[in-house]
Structure formats: structure tokens, C-alpha cells
Amino acid sequence: MYRRLLCFLLIFISTSAFAEGKKPNIVWLFSDDHAYQAVGAYGGRFESLNLTPNIDRLGKEGIVFDKAYVGNSICAPSRATLLTGKHSHLNGKIDNRGPFNHDQQQFQKILQKNGYQTAMIGKIHLSGKMQGFDYWEVLPGQGKYWNPTFVTENGNTVYKGAHSTEVITKRALNWLKTDCKQDEPFMLMVHYKAPHRNWQPITHWKEKFSTMTFPEPDSLFDTYEGRGTAANKQDMSIDITMRMDGDLKANQSPRKEFLADNPLTGKELVRWKYQMYMQDYLGCIAGVDENVGKILDYLAESGLDKNTVVMYSADQGFYLGEHGWFDKRFMYEESFRTPLLARWPGVVEPGTRNDDLVQNIDFAETFLDIAGIEAPDDMQGESLVPLLKGETPDDWRSSLYYHYYEYPGAHSVRRHEGVFDNRYKLIRYYGLDIPGDEEWELFDLKNDPSEMKNQYNNPEYAEQVARLKKELGKLREQYQVVEIDQPVPQKKRKNQKK
Ligand code: CA
């Protein structure tokens, strides 16, 4: 009897020591252009729709970051930052057009060298062969919603009759169930294409959302008064830029018949476009959330959830009609901010909210820290692990640096850089083709959360402007910002404003 008890105790001690010693797995769920306004956990005007119950689960069982931002609000550069832990000017991927140097240091290569199994499934939007992944299966470029082609090391596969959101989930689950050695640590990236333009939901969500109407943002008919050339001359408005057929499917039933019976113009047409846009965009969100739920369910069923960090985020935010816009690019909140929720059983206190300033330069170092690996010196972020534990360091950053480059280019948003200190936002636009070649905006988000009043020339804010200009200079030095020449102008699109 005594011997049996001793034997049991020894087994118990050795298995728990093994469990404690095993490094945590990482499942990184991600989507393209998911606005924080369309995540239930962030409240806002869609809150009552309960759009994202599964993504919200991560927050309830873990942490919601209320102040998560990107460094350059556009798809491919954001992804390059995620992999390298560096701002665009150092990883070289400043816009959607240039190549990404896959040979450079990336967090997944370091994880792989340290015994992690690594896999990337879905949209990465960086052309060329992925490196540092034991398995990768990615959409070429933007990829397609329906009948998507996926590229692997060994060739292409077309998934006929299928929606990309569902294929990505199935392929991720397949990797977990068949290729992944579940008793060894792994890092799996499940990166959805949805809800990127032109917003094609899975059929059952398309049907559900087609009967719904949605609240409008206060700034749907923004006139950009007091703001500079960039806001006034952009090409990303629902009114002018959004395409009736390509984006809004106005040539398809029942929208086609509705418009034939109801010839809309002016503000009524903008309002209709906004509703159709939301039907499609939010339908895509519901599809992503449903599929996030499938991944979470499998983790629970398999018991993997206990030792797995699950994180959800997106490559940047998006305008859902705010300022009259769709798309991203600007340093204004809707595109600068991004959703970030994480669950780590036993480490993150369930139901935690965090309002520290965090940025996508932090993700690479966070993943390395979770794996107990020291980050290389040239990564530019900070590990979020102390924040996950509810222990924000006293010297945590008090401001963020931002820089957008893709001009001239799609949507015609002028180049700009800026600084945000959690209340004030100072933005410098340049390369404007105007005398002086530079314009500034200052917003006080405490008194003007929708960023409608540019206070740059208001003498009452002179002190803040001077302080933030100094801070911007400091950040430029800290992040080793280098000047990057303007690319050759592209041909202007037909409907682009002069
Ligand atoms: Ca994107």
C-alpha cells in the first residue's frame, strides 16, 4: 500500500513538473481590416448586435487591450512589422508595392530554432517564399473570398465552391490534428482574408445581414473643415470612391431591383451605400467570429487550451463610415487603432482591461517572451508579457510613433508621420505638392474623440504643439527613422480628386 502510494506520488510529481516545464503554445488568430468598432468587447454603435461573441470570449477569459495601435496603417507593411518587430523604415516594407526581404530576422525563425513547431495558414500578403515556418499555406497577394487558391512550398491548391474564411479554419485544424506534435510546443498563425474589401460574406451571414439596418456614425457627412490637404483630397469616401458594382454589388439582386425602383441621389444615396457596405462588412466579421469559435472549440475539446496563449488582432483598423470613409491609412483613431485580445490560462486574470499604449511592433517580442526566449536587440517593440500579467512597468512608453508612406498611391492619402500620447495627437503631412510642402494637425482626443477639430493653429494649444514636436523628434531618434524618397507617381485613377 505504502509503495503504491509512493509510486503514485512520484508519477504525480513528474507529470506536473513536465506540464509546468512545457513551453506554452501560441495560436495567433488574425484578420484583415477588422475595425475595433466592429468588435463587441469594444462597445460602440454596433454593440447591441453582439457581432463577435467568440472573439469577445477571449476578453472575458483573458484581456482586452483598449489602446492597441499600428505603426503604419496598411496591410503588407503591418504584417512585415508583425514578423520583424520593427517599424517599416527598418524592415524595408514601407508600402503595399515594394518587395519584402524574407531573409531578414523574423520572430518565427527564432521560435523555430528554439524548438517550436511553426505554421502559417491564411493571408500574409508578402510575396515570395515564407521562411521560418515548418508549414505554410497562404493566399497569393490579396487572395480571393470564393474558390480561393492557396500556395504552399509544393505548389497551389484551389478550393472550389469554398469560402476563404472556412478554408483557412479547416486547414488550420487539419494542421493541428495531423501535422502538429501536440506534446511539443507550437506557434500557429491563422490569418483570415476577411473582412478586406470587397466584403463578400459566407452565404448564411450574407442572408442574415441583408435584412438588417445599422446606425450611422456622426461624421458620415464630414466636410473636413479646418483639416488639411490630406483629409480634403483623399480618395476613400463612400460617396465618391466606393464602386457601385465592384464594392456594393448594385448590379446584383435584390439591390439592382431596389435601385431601379428607388433612384437615389445625394445624401440618400450615400446613406444607402453605407447600409449595403455595413451589411457586407459586418457579415464578413460574423463569419470570421464564427470560425474563431471553431478554433477555440477544438482547443477546448483537445485540452490544448490549458497551455495555449490565444491572441486575436488585425493588421489595422478601418473606417466604417466615420469621416465619410472606408479604408484605412490615416493616423486618425479608426485606422490607427486595432483590436487586441488575448487569453492565457493561469497567467492572464480573466476579465482584465488594459489601457497602456501598445503597438504592433510589440507582438514579435511578446511571442518570444512567452516562449522564454530573449528578443534580439534590434527589435523595436516591448514584450507585452508583463502587461498580460497585470504588471505594467513604471517606465512603460508614454507615446507612440506612426508613419504612413504610400503616396502617390491607391486612395491618395498623403504621407504623414505623427506622435500620440494617449490624449493629444500631432500629425505632420508632407510631400503634398503644395507650397511649403508640409502641414500639421493637432487633435485633443479628450475633448474631441472623433478628431473633427484641428487645434494646431489654436494659441491655447501652442504649448502642447511645442511639447509634441519635441516628443516626435525624440521618437524619430529612438526608432532610427530615416528619410525615404518618394516613389514614382502612379497613374491617377479616373475618379480621383485633383
Ligand atoms: Ca489590412
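Residues numbered from 1 in each chain as written. Predicted model: local features only at pLDDT ≥ 70, side-chain atom pairs only at ≥ 80, totals over all residues. Heavy atoms only, no water.

(A) Structural detail: the domain arrangement of the chain. The domain boundaries assigned to the chain delineate domain 1 (23-201 + 275-392) and domain 2 (401-478). Just the C-alpha atoms count here: the centres of domain 1 and domain 2 sit 28 Å apart. Taken together, the contact between domain 1 and domain 2 spans 28 residues of the former and 29 residues of the latter. Between domain 1 and domain 2, a total of about 2200 Å² is buried, with carbon and sulfur atoms accounting for 57% of that surface. Of all residues in domain 1, Arg329, Met331 and Tyr332 bury the most surface against domain 2, accounting for 33% of the area lost on that side. One can count two salt bridges joining domain 1 with domain 2. With a shortest N-O distance of 2.8 Å, Glu333 and Lys425 are connected by a salt bridge. (Domains from an automatic or database assignment. Contact = heavy atoms within 4.5 Å. Buried area = accessible area lost by both parts, 1.4 Å probe. Salt bridge = Lys/Arg side-chain N within 4 Å of Asp/Glu carboxyl O.)

(B) Main features of the side chain of Gln37. Tracing the sequence through the fold places Gln37 in the loop between β1 (25-31) and α2 (53-60). Overall, Gln37 belongs to the buried group, its relative accessible area being 10%. Within the local environment of Gln37, its side chain forms a polar contact with the backbone oxygen of Phe318, the two atoms lying 3.1 Å apart. Within polar-contact distance, the side chain of Gln37 engages the side chain of Glu322 at 3.0 Å. Contact partners of Gln37, with chain neighbours within four places excluded, come to Gly43, Phe46, Phe318, Leu320, Glu322 and Glu334. (Helix = DSSP H or I, 4+ residues; strand = E, 2+ residues; numbered from the N terminus. Buried < 20%, exposed > 50% of the residue type's maximum accessible area, 1.4 Å probe, protein only. Polar contact = N/O pair within 3.5 Å; in protein donor to acceptor, adjacent residues only side chain to side chain.)

(C) Structural view of the state of the cysteines. Under the definition given, this model contains zero disulfides. With no disulfide of its own, Cys284 lies 14 Å from the sulfur of Cys75, the closest cysteine sulfur. Judged by its relative accessible area of 3%, Cys284 falls in the buried class. (Disulfide = S-S within 2.5 Å.)

(D) A look at the sheet that holds strand β10 (residues 340-343). Taken in spatial order, the ten strands of this open sheet run β7-β6-β5-β4-β8-β1-β9-β10-β2-β11, and their pairing is mixed. The sheet is open, and its two borders are formed by β7 (155-158) and β11 (352-354), each paired with just one other strand. Taking the axes of each pair of neighbouring strands and ignoring which way they run, one obtains an average angle of 15 degrees across the sheet. Direction of pairing for strand β5 (residues 135-138) relative to strand β6 (residues 149-152): antiparallel, over a ladder of two bridges. The residue of β6 that forms the bridge with Val138 is Val151. (Pairing = 2+ DSSP bridges. Axes fitted to C-alpha atoms, helices over the stretch in contact; angles between N-to-C directions.)

(E) Region of the structure containing the coordination of the calcium ion. Looking at the calcium ion, one finds its protein donor set to be Asp32 (OD), Asp33 (OD), Cys75 (SG), Asp315 (OD), Asp315 (OD) and Gln316 (OE1), positioned 2.2 to 2.7 Å from the metal centre. Coordination geometry of the calcium ion: the six donor atoms subtend angles of 52 to 161 degrees at the metal centre, consistent with an arrangement described as irregular. (Donors = N, O, S within 2.8 Å, 3.2 Å for Na, K, Ca; no water. Tetrahedral: all angles 85-135°; square planar, octahedral: opposite > 155°, others 65-115°.)

(F) Layout of helix α10 (residues 266-302). The first and last C-alpha atoms of α10 sit 54 Å apart over 37 residues, in line with the 54 Å expected at 1.5 Å per residue. A positive backbone phi angle near 80 degrees is found at Gly303, which sits one or two residues after α10. (Expected span 1.5 Å × (residues − 1).)

(G) Structural detail: the confidence of the model for the chain. Overall, the predicted model of the chain reaches an average pLDDT of 94, with 93% of residues at or above 70. Scored below 50 in pLDDT, residues 10-19 makes one contact in the model with residues more than four places away or belonging to other chains. In the model, residues 488-498 has pLDDT below 50 throughout and makes 16 contacts with residues more than four positions away in sequence or in other chains. (pLDDT = per-residue confidence, 0-100.)

(H) Highlighting the packing of aromatic side chains. Tallied over the full model, the rule gives 29 aromatic pairs. Consider the rings of Trp175 and Phe186, whose centres lie 6.0 Å apart with planes at 75 degrees: the pair is edge-to-face. Within this pair, whereas Trp175 is found in helix α6 (residues 164-179), its partner Phe186 is found in strand β8 (residues 186-191), the two being separated by eleven residues in sequence. By the burial criterion, Trp175 is buried, and Phe186 matches it. Ring geometry for Tyr401 versus Tyr479: centroids 6.3 Å apart, planes at 35 degrees, classification tilted. Residue Tyr401 is located in strand β13 (residues 400-404), and its partner Tyr479 is located in the segment after α14 (462-478); the two are separated by 78 residues in the primary sequence. In this pair, the class of Tyr401 matches that of Tyr479, namely buried. Among the aromatic residues, those joined into a cluster by ring pairs are Tyr224, Tyr319, Trp325, Phe330, Tyr332 and Phe443. In this arrangement the basic side chain of Lys267 is found over the ring face of Phe221, its NZ or CZ atom lying 4.7 Å from the centre. When the ring centre of Trp440 is taken as reference, the NZ or CZ atom of Lys469 above it lies at 4.3 Å. (Phe/Tyr/Trp six-rings, centres within 6.5 Å; stacked < 30°, edge-to-face > 60°. Lys NZ or Arg CZ within 6 Å of the ring centre and 35° of its normal.)

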